[in-house]
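Given next are the chains, with one letter for each unit.
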Amino acid sequence: MPGNQERTFIAIKPDGVQRGLMGEIIKRFEQKGFKLVAMKFQQAPEELLKQHYIDLKDRPFYSGLVKYMGSGPVLAMVWEGLNVVKTGRVMLGETNPADSKPGTIRGDFCIQVGRNIIHGSDAVASAEKEIELWFKPEELVAYKSCAESWIYE
Ligand code: UDP
Ligand code: MG
């Protein structure tokens with residue numbers, strides 16, 4: 001099913017990395033049934049981070065946000081599956097962890113909006129843009145998941 005191949009861009013921010021939450025976050029996406037397509041651990045260049053958040057360039061927190069995102073390595077990932085963009089955002093919780101329900105990543109693991117540990121694309125179109133920005137086409141891995149017929153009917 002082509003719908004099952006929707007993709008989203010998820011990044012564990014420097015605080016999530018430093019706080020040892022990478023495994024826990026990957027586990028949630030894996031156990032949900034989404035398929036990992038790409039993963040890159042890197043100190044992101046400032047230019048990349050500025051571009052990633054370009055839509056927020058006029059907001060007062062923009063420069064602090066870029067600095068925060070560059071304050072240590074980030075884990076950039078592409079996950080695939082049915083409605084993964086929308087469901088991924090549900091799994092993340094609200095932008096402000098104070099509004100995020102327990103059971104969500106931000107609801108369970110962080111407190112303040114400026115240290116909210118994870119990014120997830122907010123729409124299919126922005127996911128496509130973000131994946132193109134962070135990954136080269138050959139870094140997206142094509143393979144068949146043996147669990148597919150147990151996850152989708
Ligand atoms: N952010 C912030 N202060 C704010 C709003 C946002 O520091 O008042 C940061 C926060 O890290 C957030 C990021 O800017 O995750 C991007 O904001 P956006 O509104 O796109 O939220 P998201 O899509 O990450 O939920
Ligand atoms: Mg956003």
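Just so it is clear, the structure is predicted and the values come from calculations on it, not from any experiment. (Residues numbered from 1 in each chain as written. Chains lettered and ligands numbered in written order. Predicted model: local features only at pLDDT ≥ 70, side-chain atom pairs only at ≥ 80, totals over all residues. Heavy atoms only, no water.)

(A) Inspection of the site of ligand 1 at higher detail. The environment of ligand 1 is made up of Lys13, Tyr53, Leu56, Phe61, Leu65, Arg89, Thr95, Arg106, Val113, Gly114 and Asn116. Between ligand 1 and Arg89 there is a distance of 2.7 Å, counted from an oxygen atom to a side-chain nitrogen or oxygen. Contacts to ligand 1 include Thr95, whose side-chain N or O atom sits 2.5 Å from an oxygen atom. A class-by-class count of the residues in the shell around ligand 1 yields five nonpolar, three polar and three charged. (Near = heavy atom within 4 Å. Polar contact = N/O pair within 3.5 Å; in protein donor to acceptor, adjacent residues only side chain to side chain. Nonpolar A, V, L, I, M, F, W, Y, C, P; charged D, E, K, R; others polar.)

(B) Highlighting helix H5 (residues 84-92). Turning to H5, its buried residues number three or more, namely Val84, Val85, Gly88, Met91 and Leu92. The arc that holds the buried residues of H5, viewed along the axis, is 120 degrees, so those residues lie on one side. Exposed side chains of H5 directed beyond 90 degrees from the buried face belong to Lys86 and Val90. Note on H5: the residue one or two positions beyond its end, Gly93, has a positive phi of about 95 degrees. (Buried < 20%, exposed > 50% of the residue type's maximum accessible area, 1.4 Å probe, protein only. Helix = DSSP H or I, 4+ residues; strand = E, 2+ residues; numbered from the N terminus. Arc of directions from axis to C-beta.)

(C) The arrangement of the UniProt feature "active site" (unreviewed entry) in the protein in detail. With numbering matched to this structure, UniProt assigns "active site" (unreviewed entry) to His119. Examined against the element boundaries, His119 turns out to sit in strand S4 (residues 118-120). Overall, His119 belongs to the buried group, its relative accessible area being 9%. Those residues in contact with His119, other than ones at most four positions away along the chain, are Phe9, Ile10, Ala11, Lys13, His52, Tyr53, Leu92, Arg106 and Glu130. (UniProt positions renumbered as here; feature names shortened; annotations may be inferred. Contact = heavy atoms within 4.5 Å.)

(D) Expanded view of the packing of helix H2 (residues 22-32) against H5. Two numbers describe how H2 lies on H5: the axes approach to 12 Å, and their chain directions differ by 135 degrees. As far as their axial angle goes, H5 and H2 are oblique. In terms of crossing hand, the pair formed by H2 and H5 is right-handed. Between H2 and H5, the residues in contact are Arg28, Phe29 and Lys32 and Thr87, Gly88, Met91 and Leu92, respectively. Of the residues belonging to the contact of H2 with H5, the class tally is three nonpolar, two polar and two charged. (Axes fitted to C-alpha atoms, helices over the stretch in contact; angles between N-to-C directions. Parallel < 35°, antiparallel > 145°, perpendicular 65-115°, else oblique. Left-handed = near helix turned anticlockwise from the far one by under 90°.)

(E) Structural detail: H2. Residues Ile25, Ile26, Arg28 and Phe29 constitute the buried set of H2. What you see down the axis of H2 is that its buried residues fit within an arc of 155 degrees, all on one side. For H2, the exposed residues lying more than 90 degrees away from the buried face are Glu30 and Gln31. Taken together, the buried residues of H2 touch strand S1 (7-12), strand S2 (35-42), strand S3 (74-80), H5, helix H6 (105-109) and S4.

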